[in-house]
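# Residue-level structural notes
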Amino acid sequence: MNHVAKAARIFLAALREIFDEAAYSRFLRRSQMASSPAAYAAFWRERESSHGRRPKCC
Amino acid sequence: MSKLLAILGWGAVAALGALAVGVVAVHRGEPISTLWLVVAAACCYALGFRFYSKFIAVRILALDALRATPAERLENGRDFVVTNKWVVFGHHFAAIAGPGPLVGPVLASQFGYLPGTLWVLAGAVFAGCVQDFVILLFSVRRDGKSVTEMAREEIGRVGGFVAYGAVIAILIIILAVAALVVVNALKGSPWGTFTIAMTIPIALLMGVYLRRIRPGKVLEVSVFGFILVLLAIWGGQWASQTPVVARVFSLQASSLAILIIVYGFAASAVPVWLLLAPRDYLSTFVKLGAIGLLAMGIVVLHPALHMPAVTRFADGTGPVFAGKIFPFAFITIACGAISGFHSLISSGTTPKLIARETQTRVVGYGAMMAESAVAIMAITAACVLQPGIYFAINSPAGVVGQTPVAATATISGWGFPVTASEMQTLAHAVGEQTLFNRTGGAPAFAVGMAHIFSQSLGGERVMGLWYHFAVMFEALFILTLLDAGTRAARFMIQDAMGHIYKPLGRTSWYPSIFITSALIVGAWGYFLWQGVKDPLGGINSLWPLFGISNQLLAAVALCVATTILIKMHRAKYVLVTLAPLAWLVAVTFTAAWQKVLSPDPHLGFLAQARALAAGPATSATPRLIFNNRLDAALTAVLVAMVALLLAESVRGWIGVLSGRREARMKETPFVMTRLAEEQA
């Protein structure tokens, strides 16, 4: 059961990383902000260039 | 005791793998179960990972779990973040898996299921996985540097210049060919066009929801977006059955091409959060779900493969694209076996997330194996179709004839019986007016996927929904690729132009954004337009061009890897990267030679230009002649650039091996990790 729970936790963590939720949480921690439209806008201002430079593979 | 069990266990895996590959390779006549393909692939991947990747990790690269990675040393909570290895695996797989492993294997199935399957398995285990693994590790040891930076630092300025040129060229060609696949899947299909059109407002809605209503709740909004997409697929059926709406969404290839070009420009210029990111999330959500679903479908339902192991088109006379198995099967299937594009991902975000060097094996080698498995699924989806149906969908009208009667007569004459009424029934079942001449691979894959699922879930009554789900899922991939690729190429051009005139390098300056976006969109839009107007369907010219440029980029990455191995004094193991490099050089240079200089007008660009010049002149003839000459020139330039890089690399290798040149590497010095075992 422990293995299943651990696998589920890792799967969820992978989804959070893929979908940038983990990056947003780190941003909030780093900038000591609470989640809000303004914080999310600031997150994307910081991320715009690096995300835009990331090509998707064929 | 446990060692004996391990030997017995791995011996059994090897024996089972040999049996399955043997059945796949030698069976002729009756259809075989797809389970043989699944078992052969699973055993090859297991053996490759357990033994070959371990050999590379231990003997050659000497992965060091005590060496701090850039994620640890440079951790900033933004780009450099220590991350769980399975999380990085998922992230890396989501980034490398695109439409390529689905489309290429479907096109290469014109040779039968065997050539593609063998290339996907051997290519992945001995070339693709190795490339992704070593480039990832070398990037980790260089603070996450990109493959173009490593080429410049380890090979020289020529290496950097060639790598940069190859990346720009491949981006332009891949965007054009990907857009052409979408155009061919959606032309004359109100259902498909309606569904895909709806994904744009859905993505915008998701962007606004994330920004204004529930900031950062991406998984939640992706589920919401996915439900809306399913509703759009269902609504597409209504659209196709309502004459007024169907007329609006029944578009010709040229109209669709113009719309996609306009979309590409707009998507490159609007903020990332508004369209690119939400579409990326939606596409990834659908992609992971659809791949998982297809894998389950194949394993559980294990339909029979109707395509012969090897078809008569091994001789190079195939209708889908011209050229013999060697070299064309090996450039048609790039992603799934080896893809140069992966080296950009392996030296992009991924190396900045790796917690320990030892994890590069599972992430680099392992994720590529997963992508290779996707390619096996695509071969399965194409080859479960009756061959006559496969060829009717994938053959251009210029080859098989303009009418259903002519096309079915031509295809049946090849020994693959199919009738016009059979095609009409199938088109009706999937909600299309016709399935003839749907070149590009996506419609054939969608029909195959619908065929597999219609054997259980909902039966043939819902085949149309499955077909349009598959088309939507591929088109969504591709439009995401267009967004991201156009923007990434725009940034690269802006960086370069900033050296000429500084303001042009500012990525947020609108005149610069418009100029560079127009340059990139104009470049891939030109090739897309060329493909749409090509009497042979466009795929015949553009897919090989994409395959050649992608494999040439892989050659660049393997040149970098070989150079570093030699500098690491691992010359006795250099065949690990040198053998795939030699193979790719042989494949790409032969393919390029034939595409440029073959006297067969179906194959050679220049021969086709000559044939057009000698034939009856129409208003389009001068443009078609120019396009063929342009394709020939582009192919020649790409090959010349890589030949230059290869010469520069070989000069460096000889210098180091003979002791005339110092083996100086730009590796970051060793720093002991401070991470405890459980943190990593």
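Residues numbered from 1 in each chain as written. Chains lettered and ligands numbered in written order. Predicted model: local features only at pLDDT ≥ 70, side-chain atom pairs only at ≥ 80, totals over all residues.

## A closer look at the overall build of chain A
Across its full length, chain A holds three helices and zero strands. For chain A, the N- to C-terminal ordering of α and β elements is α-α-α. For chain A, whose C-alpha radius of gyration is 15 Å, the value lies well above the compact-globule estimate of 10 Å for 58 residues. Once the C-alpha set of chain A is aligned to its principal axes, its extents read approximately 40 × 35 × 15 Å. Relative to its 58 residues, chain A shows a buried fraction of 31%. (Helix = DSSP H or I, 4+ residues; strand = E, 2+ residues; numbered from the N terminus. Rg over C-alpha atoms; globule rule 2.2 N^0.38 Å. Buried ≥ 20, exposed ≤ 12 C-beta atoms within 10 Å, placed from the backbone.)

## Points about the interface of chain B and chain A
On the chain A side, the residues contacting the 48 residues of chain B number 31 residues. Looking at the side of chain B that touches chain A, the elements that each hand over two or more residues are helix H4 (85-96), helix H8 (157-186), helix H9 (190-213), helix H10 (218-241), helix H13 (276-301), helix H15 (341-346) and helix H22 (463-497) of chain B. Classifying every residue of the side of chain B that touches chain A gives 26 nonpolar, 18 polar and four charged. (Contact = placed C-beta atoms within 7 Å. Nonpolar A, V, L, I, M, F, W, Y, C, P; charged D, E, K, R; others polar.)

## Remarks on the packing of helix H6 (residues 113-140) of chain B against helix H25 (residues 575-597) of chain B
Residues and elements named next belong to chain B. Direction vectors running N to C along H6 and H25 enclose 125°, while the axes themselves pass 10 Å from each other. Classed by the angle they form, the pair H6 and H25 counts as oblique. Between H6 and H25 lies a crossing of left-handed hand. In this structure, H6 contributes Phe126, Ala127, Val130, Gln131 and Val134 to the contact, and H25 contributes Val576, Thr577, Pro580 and Trp583. In terms of residue class, the contact of H6 with H25 is built from seven nonpolar, two polar and no charged. (Axes fitted to C-alpha atoms, helices over the stretch in contact; angles between N-to-C directions. Parallel < 35°, antiparallel > 145°, perpendicular 65-115°, else oblique. Left-handed = near helix turned anticlockwise from the far one by under 90°.)

## Thoughts on the confidence of the model for chain B
Across chain B, pLDDT averages 92, with 99% of residues at or above 70. Quick note on the complex model: pTM equals 0.93, ipTM equals 0.91. (pLDDT = per-residue confidence, 0-100.)

## Things to note about the confidence of the model for chain A
On average, residues of chain A score 87 in pLDDT, and 97% of them are at 70 or above. The lowest-confidence element of chain A is helix H3 (residues 37-52) of chain A, averaging 85 in pLDDT; the highest-confidence one is helix H2 (residues 21-31) of chain A, averaging 93.

## What about the nonpolar core?
Residue and element names in this part refer to chain B. The biggest cluster of nonpolar side chains holds 251 residues, and the ones touching the most others in it are Ala166, Ala176, Ala179, Val182, Phe445 and Val556. Top element by residues in this core is H8. It accounts for 22 residues. Contacts of Ala166, omitting those with residues within four sequence positions, involve Ser549, Leu552, Leu553, Val556, Leu638 and Met641. (Core = buried A, V, L, I, M, F, W, Y, C linked by C-beta atoms within 7 Å.)

## Overview of the environment of Met150 of chain B
Residue and element names in this part refer to chain B. Considering the arrangement of structural elements, one finds Met150 in helix H7 (residues 147-154). The sequence separation of Met150 and Ile564 amounts to 414 residues, and the corresponding C-alpha distance is 9.4 Å. Among all residues touching Met150, those that are not within four sequence positions of it are Phe138, Ser139, Arg142, Lys145, Ser347 and Val560.

## A short note on H4 of chain B
With twelve residues, H4 of chain B extends 16 Å from end C-alpha to end C-alpha; this agrees with the ideal 16 Å at 1.5 Å per step. Burial of H4 of chain B is extensive: eleven of the twelve residues sit out of reach of the surface. All buried positions along H4 of chain B are accounted for by Lys85, Val87, Val88, Phe89, Gly90, His91, His92, Phe93, Ala94, Ala95 and Ile96 of chain B. Each element contacted by the buried residues of H4 of chain B is listed here: helix H1 (2-18) of chain A together with H13, H15 and helix H16 (360-383) of chain B. (Expected span 1.5 Å × (residues − 1).)

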